[in-house]
Amino acid sequence: MSGGGVGDAVELDAAMAELVRRSSGGANPDHYVILAKIVMAAAEQLPVVDHAGVALFGESGVIRSLAATDGDALMLDHVQRLCGQGPGYRCAADGRAVHVDDLFVEQRWPVFVEQTSALTPIRSILMFPLLADGGDSAVLAMSADGPSVFLGDAVKAGSVFAKHAAGCL
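Here is what the cut-offs are and how they apply
- Residues numbered from 1 in each chain as written.
- Predicted model: local features only at pLDDT ≥ 70, side-chain atom pairs only at ≥ 80, totals over all residues.
- Heavy atoms only, no water.
- Buried < 20%, exposed > 50% of the residue type's maximum accessible area, 1.4 Å probe, protein only.
- Helix = DSSP H or I, 4+ residues; strand = E, 2+ residues; numbered from the N terminus.
- Pairing = 2+ DSSP bridges.
- Core = buried A, V, L, I, M, F, W, Y, C linked by side-chain atoms within 4.5 Å.
- Contact = heavy atoms within 4.5 Å.
- 1 Å grid on protein atoms, 1.4 Å probe; cavity = no way out; pocket = protein on both sides within 12 Å on 5 of 7 lines; lining within 4 Å.
- Points joined across faces, edges and corners; volume = space filled by probe spheres on them.

Visitor: Can you help me understand the pairing of strand β4 (residues 124-131) in this one?
Guide: Along any regular strand the residues' side chains alternate between the sheet's two faces. Burial within β4 is extensive, with six of its eight residues counted as buried. Relative to β4, strand β3 (residues 98-100) is paired through three bridges, and the arrangement is antiparallel. Within β4, the residue paired with His99 across the bridge is Leu126. Bridging between β4 and strand β5 (residues 137-144) involves eight bridges; their strand directions are antiparallel. Within β5, the position partnered with Ser124 by the bridge is Ala144.

Visitor: Would you take a moment to explain the nonpolar core for this structure?
Guide: Soluble globular proteins tend to bury their nonpolar side chains together. Residues Met16, Ile38, Val54, Leu140, Met142 and Phe161 are the most contacted members of the largest nonpolar core, which totals 32 residues. Setting aside residues no more than four positions away along its own chain, Met142 makes contact with Ala42, Leu46, Val49, His51, Ala52, Ser124, Ile125, Leu126, Phe128, Phe150, Ala154 and Gly158. If you look at the next biggest cluster of nonpolar residues, it comprises 18 residues, including Cys91, Ala92, Trp109 and Ile122.

Visitor: Is there a simple way to think about empty space enclosed by the protein in this case?
Guide: Unfilled space is identified by rolling a water-sized probe across the atoms. Throughout the structure, instances matching the rule amount to one cavity of 30 Å³ or more. A volume near 50 Å³ is recorded for the largest cavity. In terms of lining residues, the largest cavity is bounded by Ala52, Gly53, Val54, Ala55, Ala73, Leu76, Asp77, Val139, Ala141 and Ser143. Secondary structure elements with two or more residues in the lining of the largest cavity: β1 (51-57), α3 (71-83) and β5. Here the element with the most residues in the lining of the largest cavity is β1; it accounts for four residues.

Put into structure tokens, the structure is as follows:
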């Protein structure tokens with residue numbers, strides 16, 4: 001989305017719709033495979049995204065990773081699961097996007113911040129809520145190894161990926 005205009009978002013939306021359509025061929029499409037393709041596309045097509053994943057946040061506080069680009073995306077879910085706090089919980093509970101500009105100065109989830117900073121190179125996080133069946137909520141997490149990278153265009157593009165990921169749940 002180098003130009004940042006609406007045309008870029010429309011073009012990205014069409015490309016993601018085509019990716020989902022091609023991946024859904026057959027009577028019983030594998031939604032986990034489609035989610036994996038969506039998170040991989042987010043990391044490949046958005047220069048600011050280093051890691052991406054989709055996680056399911058259950059009513060009992062259980063987090064289940066559904067798709068991830070790499071171990072750091074999985075570790076983000078694991079740290080939240082272990083400490084019982086983090087941006088994914090907030091995003092799932094509030095149903096609104098959550099942005100962490102820089103983990104090194106983030107104060108909302110101190111245990112999460114300490115563990116994530118120690119175990120991953122992640123500095124910035126952008127999460128979008130995804131609707132799921134039942135009482136569970138899912139979250140699309142995009143993260144970057146640098147601070148302050150999720151600005152207007154990245155947020156707009158992220159919402160396109162979230163829309164298509166939500167359609168797979």
